[in-house]
Amino acid sequence: MEKLSDSDSDSPSASLADKATIPCVQEITEDRTDEDVTLSVPDSDGGDLEGGLDDGDGPDFSVNGPGGGVKIKPRGYQLEMLEESLKGNLIVAMDTGSGKTHVAVLRIQAELERMPSNQFIWFLAPTISLCSQQYEYIKSQITAVQTKFLSGNDGVERWTHKSLWDVVLKDVKIVVSTYQILLDALSHDFVRMESLALIVFDEAHNCVGKHPGSKIMKGFYHTREQLGLPVPSILGLSASPVMRSDPLSLEKIEETLDARCRAPIQKRAELRLQIKLPVLSRIYYQSLPSEGLLTSYTRSIESLGQAFKSLDIMKDPYVLSLIHENTERSMRKLAKARATRKTWCQDQMRSIHATALKICRELGAWAADYYISEVVSKFVHMVEVEDSYLGIWDVSGSEKKYLAQALAKVTIKNTASQLPTSLPLVSDKVAKMIELLTSEDSTIRGIIFVQERAMVSALTHLLSIHPSTRDRFRIGTMVGTSVSSHRTRNVGQLIDLEGQKDTLSLFKSGQINLVVATNVLEEGIDVPACNIVICFQKPANLKSFVQRRGRARQRDSKLVLLLDPALDKVSDWEQLEMAMKSMYEDDMRALQGILVVEDKEEHDGREFRVKSTGALLDLDNAVAHLYHFCATLPAKSYVDLRPDFLFSSTDSALIRAKVVLPLSVHEAVRVHDSKTSWMSEKNAIKDAAFEAYVALYEARLINDNLLPLLRHDIVIDELTSSAVETRASIMSVQGQLNPWIEVSQKWKYADAGTNHSNSIVTTLSLDDLKIDMYLPIKLPPIQPFRLHWDEKTELIVTLHSGEIRGHKVEITEAIISTRALLKAGFGSRFPIQEKQSVLVFRTKEDIPLQPLKPMDMNDSHPGGIIKDKNDTNVSYIFKEWLPNKPPFETIKRPHQDYKQFPEDETYVSLTRLSRRSDFLHRVVKQSTSNLIKPYSYVLPTSRCIVDGTPFKFVQFALLIPSIIHRIEIHLIAEKLSKTLLKDVGISDLSLIITAISASSACEDTDYQRLEFLGDSILKMSTSVQLMGEYPLWHEGYLSAKKDRLVANSRLARAAVEVGLDKFIITKAFTGHKWRPIYVEDLLAGEMERKRDLSSKVLADVVEALIGAAMTDGGIPKALACLRIFLPEMDWQGLESRQISLYRLALDYEFPAVVKPLEDLIGYEFKKKALLIEAVTHASYNTGQSLERFEFLGDAILDYLVVMALHDQNVELSHIEMHHLRTALVNADFLAFICMEWSIEKETTDIVTITEARASPEFQEITRKIEQPLWRFMRHHSPGLGAAQIATSKRHKEIREDIKAAIEGGTHYPWALLARLQADKFFSDMVESLLGAIWIDTGSFEACQSVMERMGILPYLRRILKDNVHIPHPKEEIGILADTETVKYVIESEKNKDEGKTYTCKVFVGGKEVLQMGGGVSQEEIKTKAAEVAVRVLKAWKAGGGDVTMKGVEENFDGVMDVDG
């Protein structure tokens, strides 16, 4: 996987430009965002941990550095509770804020993996609001299965046929509902107890008496258990298992739920530190008289009382209807109504009057008048307009009108907009509360608990307009929502359910800082942002008190009780307060006792010493060593790398410890127990840490200095302290091999024999010219090659197989012939010595060496070289006879005396004989300005003389340096093949030539493409070898070792050590200084030559040779090549390594919930454990995490993409292949695949068509739901779950744009993909799957098939077919900027609705190119700005203008238009 970094560079941050030979541009990013670390992580009670690290609900987490994410893992006490629940039914008793729901999630995840496919899990909560909250949290954490929330809003009470339930619950594995829904479903046999694997009872303390939870257990669970039938597992959650201060109620709950009630024991210290109990304070107020004495307190109250008293029961519409009915039954009802005065109208007036008196006593006269005014005016108005809102009431219209007439007599004051200005209008209780609220600082976030719904409305309105509070507090309300459609509505409740819909979310976000609520907020509803709880009316019992206390979760929070000294006995509250304190002070005293024991208890002096170094491990330093080892593990977002210690008690009350290392550590060495039992946890921890560290040493995960391998080894074959082995970028190495030295020595040996019997003759053909070439060695096969005589003329040189022959006379003739050729071609440039050349030629005909002679006009085509007799140093070639002197302007290069040449003479058209010595490279095309002139050179015949040597021999002579160079390259390659690469056996010599030819050598081919291939093969092979060689190494060790093996520095050193450096061809052949190579000179000996080479060139040639070996003979030859250059690794066959890795995988039962993943992948695993490991995040608490498979899969993905590129019909340049690979394996693209690649599943909802009570009709609505790959990830991190949900939302918003770009766009969607802001775990999952598939099959073809299904390879073909533009815009702007510095200045601003938005300015060479806004992240806005900046720069370069903002405007859609 690539994040725009060059994978084989020494530095992990090296630019892509290193590989692509892009100009080295300095890029600067200036971050002006001033961003703080902010968190929004769902906690384990379902809410958000916002604004810091002190909110206790949920698992343990810490903040990493930039980009590191939030490290989250279950706390020790949560794991303790999980283990206890797996042993048997359990009620988890932990304070609010300790993360009980996360314990439930862990337990549900464990059950999903072991339950049969025909069972599911039911999560119960007491209220709809709590159900909704818990449903959202569970759904965010467990994404691989369907979770369904059932409530009365779904019309569940109308589902009267089992078939409806079967449809709704099909393929559902987790159901969340209130208790009553499950009870009804069980009662009607719509759901059966045997279909449930686990039932979770949230707020389990309610399961007593006639509570639905109690009925579920007694009516269905216990009856099955008594019959010996299977029953589901039970998990209860409660912060207050004791109800109504009755100690025996705990035993009743345990009996009902058939479960043990347990609080964490071994991890109670951690739990106590996590729970932030509020400071309890009491405020006493002066109360008003009792309600009975307030009937005349205000005119409104008095008139309301009078209206109530004046109601005549005999005029009540209900009574009149009974009289009119006049039946025996109606007469009984009439008698009862007259005796009890209980009719709807009487009840409503009585309730309104009583509530008004209660509000008056609690809040004061103003609030009472406000309440009466609101009730009367709203009800009278509703009746007058016959509002449909009243239509849901089961009350006759006449009764409503009768009540409205009665209320119309009440005297009301319009107080809705008036402000209370004096204390007599509000009660002392309200005044004291307002005084408390206004004394708090601006960070206050509070909850005020009251009992009545009407009290919520009145108090909220009072605080919203009171002068002391109206500007300081943004107030919301929260009351219960269980209003049945078949229950008579209480007129006086003033309920506004719609208005409170967003109260909790607004409170959590800070837009509301005060909530007035009934006891609906006591249980479970998560409000972690609260720092003060005010009990306006005293809690009903201990349970209510504990629950309210738990709402105040932030540090230094307060719990305030408003008490009436006349009614609330101080001793009662002191006793209640002492009961609360004893709940945690007993624990704290026990912890103090443990500390005393720890200080007194001595350990046994155990130690471990390494003989070779003397390094010592003992019980005192073992814990620090173990933490240090864990700290060196590869850092991962959402993963806490600290070791976890768990405890158990023996029969003698001694403690044993178990240490669990992070999931990155192989499970074979992950868990270790203390050797002995101890009185204290402290020493048990030391013991377990000691045993763990010794085991790590024995597994060779620790070196002989008892330190982790990654940070502290210094030996070259171990993991060194630096990121990679460093080498200078320029190295002094051997000069290029001169193969002619060995040829000269062979000539010497040949001369010592008779008749040159060892000479080998090769026939050289140059068009129709054939020449014998003599050498004392046999030439390697040389394919015909082209020589470029001029712009239009190409000559083909062919070398025919040589034969051993050549008498001494024949060789002598060849030597003479060679001298003649050299004189003909180069005699005028330098002297030709009377020595034997290393390569001698013999023409089939004699070379006439005649003196220059006058030109004969009777010769239609003079065969020799033509010269000007006045300047014989210049040679010409005959073109044509000219009967007359051509005009001066028709000659491209006229002689300086041309105008003085005679007119009446025959002329000759000539071209100049080339002075070039390099005919291997094409001639640079000349300027076209002289094309209209027909003649190059023109001379009169009288000035021309002719060399008698035929032109074809002169031409051949000039070609000799180029021919010798081509042969020399082949000799070097052959030498390399027969020596260093002998065991590789590369049969195609041209591959070796390509591999050793640097681009600077300007040969027909260079190593770039082969290096690109070899780089990928090297990394893939290394990854496979390391996985097999070190089965216990974590991904951090594997990556570090791999980095050292494949680093340019290591490969460069390998090239020098084995002597590859002398075979590397770096210097371009020009022929400018070419001189004949004489045997005698070479035998005299050459001084050892040195040259400076880049370490990258040395490394590249090694990789190119690996690529050449792969091309010639596949993986086996590539491995043979690797054995030569990197002998420190045991390079076994890939099949052997795959078999060993396959055997190491465990065999265990495949969880049914993961089976759809195989359908998605399109591959069925032979060993299911491989698939499980491939989708297990390091935050999970069992099994093996996916990091090792991701390490392997990353290399396999890269290899398969590179092979696909290499096998294309069109030969792609290495830069094109580099861009394509980056586009196809970068993390953002793979993350998109992880979110997009999905399997369809069906879910069914039931919709009521008719509302008839007798026989309602229903319709089944079946819809398709997508289950993408990411939902199958196994994890235990709330933060990761939140990141998944957030990223999936972004994916949903922009997926169509990305798909359109991939399926038909002209440009690669870099900015859109960056907008996903996807965490690395998305791409890791894709890569780990490929790694797992290869281990399961050993087949790259199987991995390719999966890549086809993913869409990677189809997109590759589409890019090539449609020529999609794929370079990253930041690379492009670097190229366009040339040597100028590119600078990005990023700023951010808070957006109330969308969080933060980012703006980026792009500067090139100090000049501002553009400014772009609307970014969702820094990386996205940089990429987006770079995309537009590229267009701007191209436009200005095309127009020749400077880089500036002038002429550039930004459209609404963010696309920049460039003028000019």
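Here, the structure is the one placed above.
The rules behind each value
- Residues numbered from 1 in each chain as written.
- Predicted model: local features only at pLDDT ≥ 70, side-chain atom pairs only at ≥ 80, totals over all residues.
- Heavy atoms only, no water.
- Axes fitted to C-alpha atoms, helices over the stretch in contact; angles between N-to-C directions.
- Helix = DSSP H or I, 4+ residues; strand = E, 2+ residues; numbered from the N terminus.
- Left-handed = near helix turned anticlockwise from the far one by under 90°.
- Contact = heavy atoms within 4.5 Å.
- Nonpolar A, V, L, I, M, F, W, Y, C, P; charged D, E, K, R; others polar.
- Phe/Tyr/Trp six-rings, centres within 6.5 Å; stacked < 30°, edge-to-face > 60°.
- Buried < 20%, exposed > 50% of the residue type's maximum accessible area, 1.4 Å probe, protein only.
- Salt bridge = Lys/Arg side-chain N within 4 Å of Asp/Glu carboxyl O.
- Pairing = 2+ DSSP bridges.
- Core = buried A, V, L, I, M, F, W, Y, C linked by side-chain atoms within 4.5 Å.
- 1 Å grid on protein atoms, 1.4 Å probe; cavity = no way out; pocket = protein on both sides within 12 Å on 5 of 7 lines; lining within 4 Å.
- Points joined across faces, edges and corners; volume = space filled by probe spheres on them.

**Student:** If you had to explain the packing of helix 13 (residues 344-363) against helix 15 (residues 397-407) to someone new, which residues and values would you point to?
**Tutor:** Interhelical geometry of helix 13 versus helix 15 gives an angle of 35° and a closest axis separation of 9 Å. As helix 13 runs across helix 15, the sense of the crossing is right-handed. Listed contacts from helix 15 to W344, C345, Q348, M349 and I352 of helix 13 are E399, K400, Y402, L403 and L407. Partitioned by chemical class, the residues of the contact of helix 13 with helix 15 number 7 nonpolar, 1 polar and 2 charged.

**Student:** How would you sum up the packing of aromatic side chains? Please name residues and give values.
**Tutor:** Any aromatic ring pair is given by two values, namely how distant the centres are and how the planes are angled relative to each other. The final tally for this structure, using the stated rule, is 29 aromatic pairs. Between W165 and F190, the ring centres sit 5.8 Å apart and the planes meet at 20°, which makes this aromatic pair stacked. With W165 in helix 5 (residues 162-168) and F190 in the loop between helix 6 (179-187) and strand 10 (196-202), the pair connects residues that are 25 residues apart, well separated along the chain. Among the residues examined, W165 registers a relative accessible area of 2% and is labelled buried. Residue F190 is classed as buried on the basis of its relative accessible area, which comes to 12%.

**Student:** Residue-level account of the pattern of salt bridges, with values.
**Tutor:** Overall, the coordinates contain 67 salt bridges when judged by the stated rule. Here K658 ties to E83 by a salt bridge, and the two come within 3.8 Å at their closest N and O atoms. Placement of K658 in strand 22 (residues 655-660) and of E83 in helix 2 (residues 76-87) is noted, with a sequence separation of 575 residues between them. Looking at E83, the relative accessible area reads 33%, which means it is partly exposed. Across the pair E328 and R332 runs a salt bridge whose closest N-O atoms are separated by 3.6 Å.

**Student:** So, the environment of F956: which residues are in play, and what are the values?
**Tutor:** In this structure, F956 sits in helix 26 (residues 951-978). Between the C-alpha atom of F956 and that of L822, which follows or precedes it by 134 residues, the distance is 9.4 Å. Each residue touching F956, except ones within four places of it in the same chain, is listed here: L764, L766, L769, I771, L821, F841 and I963.

**Student:** Break down the pairing of strand 25 (residues 760-766) for me, citing the residues and quoting the values.
**Tutor:** Extensive coverage of strand 25 is indicated by the burial of 6 of its 7 residues. Across 7 bridges, strand 25 lies against strand 26 (residues 769-775) in antiparallel orientation. Within strand 26, the residue paired with T762 across the bridge is M773. Taking the residues that link successive antiparallel strands as the turn, the strand 25-strand 26 hairpin has 2 residues, and the phi of D767 there is positive, at about 55°. Relative to strand 28 (residues 794-804), strand 25 runs antiparallel, the two being bridged by 6 bridges. Considered in strand 28, the bridge of V761 is made with E803.

**Student:** Mind laying out the nonpolar core, listing which residues take part and the relevant values?
**Tutor:** In terms of nonpolar packing, the biggest core is built from 211 residues, with L1105 and F1125 touching the most fellow members. With 63 residues, the next largest nonpolar core counts Y285, F308, I372 and I475 among its residues.

**Student:** Explain helix 30 (residues 1048-1058) residue by residue, including any values.
**Tutor:** Summarising burial for helix 30: 8 of the 11 residues are buried, a large majority. Within helix 30, burial applies to N1048, S1049, R1050, L1051, A1052, R1053, A1054 and A1055. Residues of helix 30 that are buried sit in contact with strand 24 (730-734), helix 28 (1008-1029), helix 29 (1035-1046) and helix 32 (1095-1125).

**Student:** So, the sheet that holds strand 15 (residues 475-478): which residues are in play, and what are the values?
**Tutor:** In sheet architecture, strand pairing relies on hydrogen bonds along the backbone and comes in two forms, parallel and antiparallel. Taken in spatial order, the 6 strands line up as 13-18-17-14-16-15 in an open sheet, and their pairing is parallel. Of all strands in the sheet, those with a lone pairing partner are strand 13 (279-284) and strand 15, marking the two edges. Sheet twist, expressed as the average angle between the axes of neighbouring strands with direction ignored, equals 20°. Across 6 bridges, strand 13 lies against strand 18 (residues 558-563) in parallel orientation. The residue of strand 18 that forms the bridge with V279 is K558. Contacting strand 13, strand 14 (446-449), strand 16 (514-517), strand 17 (532-535) and strand 18, helix 16 (residues 428-439) runs over the sheet at an angle of about 175° to strand 17. Along the sheet, helix 17 (residues 453-465) makes contact with strand 14, strand 15 and strand 16, crossing strand 16 at roughly 155°.

**Student:** Tell me about empty space enclosed by the protein, and please be specific about residues and values.
**Tutor:** Gaps left between atoms show up when a probe the size of a water molecule is rolled over them. In this structure the tally under the stated criterion is 5 cavities of 30 Å³ or more. Considering only enclosed or pocket space, the largest cavity measures out at about 170 Å³ in volume. Of the residues belonging to the lining of the largest cavity, the class tally is 9 nonpolar, 3 polar and 3 charged.

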